Amino acid sequence: MKLNYTTGFYNIAFYNININTQEGLNRDVIKKNEATFVHEFIHYLQDLVLPYNIRYNLSNVRWFFNILESAHVNGSINRPFNEWNNESSILRTQFFRGFGECKNIDVVSQIGNVTSNYVITSGFDGNLNIQREHRVYQYILPVLEFGKSTQVSYQLGARDILEYIAYKIEKKFFPNRPLAPQLPYESIDLIFSKYGLSDISDDIKVCIAERCLYNDAPMHFLLSALLDKDEFKEFIKNSSYEEVYNYLLHTTTVTRDGQSEELIAKTKRRLKQFAYELQMQYSGFAEIVKWILRVNSFVEDKLSERFIFSDIYKMDSDEMYKFVNEVIDYIGIPLIMNAREKYISIRPKGIQVSEFIQFYVLQRFIGFVHSKQTECPIYNFCKENGGACNENCILNKQMTINGNESCYYRKFMETYGLINIKID
């Protein structure tokens, strides 16, 4: 998720905020880049609260254990890695078709009618103990960019909804910030206009957008289950924000194969999965496990059974700052990095920060096994943060890892039994 102004980005599922500055990070530098920080903080919170994000996070757990299993069976990892089992293949298909296109369009002159296509996947659902079949939709928006004569296709997805919410909140509290590209940051406004709903207030649109992220296919839910229904369109045209909020909060989703689940029940189920599976993934890191349990408890007690991002949008500035500070004080932020990958960590009480580095090591490792990169995946990070790196790290030589007790990467490789695995 990247923005194209002085900006930053947040790495979904790995809990690190990046602020695009060369300055060393401290509270003064964060204050100077406050609009960017708040935007990326919203993405951080989305990762901890929203069922869609939690599902993607859990998918990363499955993909990583798929890589580990393959490595231990074969004694090696061939790059770019592509030995996916059936579950991982299905999850990858669902993600790439549902997340959306990672490109920006600055100014839109015109959009056409959204079209869709789907593929069918099938697999065993361990939660329900049944075999299930899913239609995995992809939504395409024809777009004419300002100043261009040729229409292009833009893939809509969850990214548009996630960015829309963060941008709306940022823009409300920092109205003088530079304009962001219309796609993905104003995708939802454009879609509402296309459906004849341009007069719907922003707070209602933010609430609807947030509700969609409680579904595993957010864009499909928005377009098919909501905006394609005349009854729903009439309801939001003639209802107050409070009425829409309460209606959506107590909705039940029914799948094509007849499985139904209330929104609040689904959130509780995903939060339990989040705690259990992330503890399993990071079981070798005691401080990370403590943090996961702390986050899970906080979200269940303070942020569930409500639309938290809609609530933030309705706050005034004092309430918003108070809320952000309370969240940071209690659960912290594992990593905040600048453009050089120099990091700081905002540590919650009782949690040691040193292990938080492993979130970023895992992110870089997954990227590494999908590439043909030669240097150590965290070479730049290590160099910027006083790690024990040397010229051998540029070639990612195994001798460097084996002979270096202070290597950040060594701890990761040892924990997951990869220290003697050949990586081609």
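Residues numbered from 1 in each chain as written. Predicted model: local features only at pLDDT ≥ 70, side-chain atom pairs only at ≥ 80, totals over all residues. Heavy atoms only, no water.

(A) Local environment of the overall build of the chain. Assigned secondary structure in the chain consists of 19 helices and twelve strands. Taking 22 Å as the expected radius of gyration for a compact globule of 424 residues, we find that the chain reaches 22 Å, a close match to that expectation. Oriented by its inertia axes, the alpha-carbon framework of the chain measures out at about 70 × 50 × 50 Å. Counting the 424 residues in the chain, one finds 56% classified as buried. In the chain, the proportion of contacts linking residues at least 24 apart, taken out of those at least 6 apart, comes to 68%. As displayed, the chain has an accessible area near 18600 Å², and 47% of this comes from carbon and sulfur atoms. Considering the chain, the positive charge centre built from 47 side chains and the negative charge centre built from 51 side chains are found 3 Å apart. (Helix = DSSP H or I, 4+ residues; strand = E, 2+ residues; numbered from the N terminus. Rg over C-alpha atoms; globule rule 2.2 N^0.38 Å. Buried < 20%, exposed > 50% of the residue type's maximum accessible area, 1.4 Å probe, protein only. Contact = heavy atoms within 4.5 Å. Areas by Shrake-Rupley, 256 points an atom, 1.4 Å probe, with all protein chains shown as cover. Lys, Arg positive; Asp, Glu negative; His and termini not counted. Charge placed at Lys NZ, Arg CZ, Asp CG, Glu CD.)

(B) Molecular detail of the packing of helix α2 (residues 34-49) against helix α13 (residues 286-303). Where α2 meets α13, the axes come as close as 10 Å, and the angle between the chain directions of the two elements is 90 degrees. Between α2 and α13, the crossing angle belongs to the class labelled roughly perpendicular. On α13, the residues that touch Tyr 44, Leu 45, Leu 48 and Val 49 of α2 are Trp 291, Val 295, Val 299 and Leu 303. Across the contact of α2 with α13, the residue classes tally to eight nonpolar, no polar and no charged. (Axes fitted to C-alpha atoms, helices over the stretch in contact; angles between N-to-C directions. Parallel < 35°, antiparallel > 145°, perpendicular 65-115°, else oblique. Nonpolar A, V, L, I, M, F, W, Y, C, P; charged D, E, K, R; others polar.)

(C) Representation of the sheet that holds strand β10 (residues 333-337). Within the open sheet, the four strands sit side by side as β1-β2-β10-β11. Their pairing is mixed. At either end of the open sheet lies a strand with only one pairing partner, and these are β1 (8-11) and β11 (343-346). The mean angle between the axes of side-by-side strands here comes to 20 degrees, regardless of whether they run parallel or antiparallel. Looking at chain direction, strand β2 (residues 16-19) and β10 are connected through three bridges and run parallel. By the bridge assignment, Asn 18 is partnered in β10 with Met 337. (Pairing = 2+ DSSP bridges.)

(D) Fine view of the side chain of Arg 79. Along the polypeptide, Arg 79 turns up in the loop between β3 (76-77) and α4 (86-98). Buried charged residue Arg 79 carries no salt bridge. Nearest counter-charge: Asp 424, at 7.7 Å. A polar contact of 3.2 Å, which involves the side chain of Arg 79, links it to the backbone oxygen of Ser 371. A polar side-chain atom of Arg 79 sits 2.8 Å from the main-chain carbonyl oxygen of Gln 373. Aside from chain neighbours lying at most four places away, what touches Arg 79 is Phe 368, Val 369, Ser 371, Lys 372, Gln 373, Ile 423 and Asp 424. (Salt bridge = Lys/Arg side-chain N within 4 Å of Asp/Glu carboxyl O. Polar contact = N/O pair within 3.5 Å; in protein donor to acceptor, adjacent residues only side chain to side chain.)

(E) Molecular detail of the pairing of β2. Side chains Asn 16 and Asn 18 project from β2 onto one buried face, and the interleaved Ile 17 and Ile 19 project onto a second face that is buried too. Note: β1 against β2, four bridges, orientation antiparallel. What sits directly across from Phe 9, in β2, is Asn 18. Linkage of β1 to β2, two consecutive antiparallel strands, is achieved through a turn of four residues, within which Ala 13 is found at a positive phi near 80 degrees.

(F) Spatial organisation of the pairing of strand β6 (residues 130-145). When strand β4 (residues 108-111) meets β6, the two strands line up antiparallel, connected through three bridges. In the sheet register, Gln 110 faces β6, and the bridge partner there is Leu 144. Bridge analysis of strand β5 (residues 115-125) against β6 gives eleven bridges, and the strand direction is antiparallel. Note on β6: the bridge partner recorded for Asn 117 is Gln 138. Bridging between β6 and strand β7 (residues 152-156) involves five bridges; their strand directions are antiparallel. Considered in β7, the bridge of Pro 142 is made with Ser 153. Following β6, the chain reverses through six residues before pairing antiparallel with β7; Gly 147 in that reversal takes a positive phi of roughly 85 degrees.

(G) Geometry of the environment of Ser 345. Relative to the elements of secondary structure, Ser 345 occurs in strand β11. For the pair Ser 345 and Asn 16, spaced 329 residues apart in the sequence, the C-alpha separation amounts to 9.3 Å. Excluding residues that lie within four positions of it along the chain, Ser 345 makes contacts with Ile 333, Pro 334, Val 353 and Phe 356. From its side chain, Ser 345 meets the backbone oxygen of Pro 334 in a polar contact 2.5 Å long.

(H) Just the packing of aromatic side chains, in detail. All told, the structure shown has 35 aromatic pairs when counted by the stated rule. Where Trp 291 meets Phe 356, the ring centres are 5.8 Å apart and the plane angle is 70 degrees; that geometry is what we call edge-to-face. With Trp 291 in helix α13 and Phe 356 in the loop between β11 and α16 (357-369), this residue pair connects regions lying 65 residues apart in the sequence. Taking relative accessible area as the criterion, Trp 291 reaches 0% and is therefore assigned buried. We classify Phe 356 as buried; its relative accessible area is 0%. Connected via pairs of aromatic rings, a cluster forms that spans Phe 64, Phe 65, Phe 285, Phe 365, Tyr 409, Phe 412 and Tyr 416. Its end group placed over the ring of Phe 368, Arg 79 keeps NZ or CZ at 4.0 Å from the ring centre. The ring of Tyr 241 has Lys 314 sitting right over it, with the charged end atom 4.5 Å from the ring centre. (Phe/Tyr/Trp six-rings, centres within 6.5 Å; stacked < 30°, edge-to-face > 60°. Lys NZ or Arg CZ within 6 Å of the ring centre and 35° of its normal.)

(I) Summary view of unusual backbone geometry. Residue Arg 79 is joined to Pro 80 through a cis peptide bond whose omega torsion reads -10 degrees. Summarising the element assignment, Pro 80 is placed in the loop between β3 and α4. Here the residue pair Leu 183 and Pro 184 is connected by a cis peptide bond, since its omega of 15 degrees sits within 30 degrees of zero. Of note, Pro 184 is situated in helix α6 (residues 182-185). In this structure, Tyr 15 is a non-glycine residue whose phi angle is positive, near 60 degrees. Turning to its location among the elements, Tyr 15 is positioned in the loop between β1 and β2. Here the phi dihedral of Glu 341 falls at roughly 75 degrees; this positive angle occurs in a residue that is not glycine.

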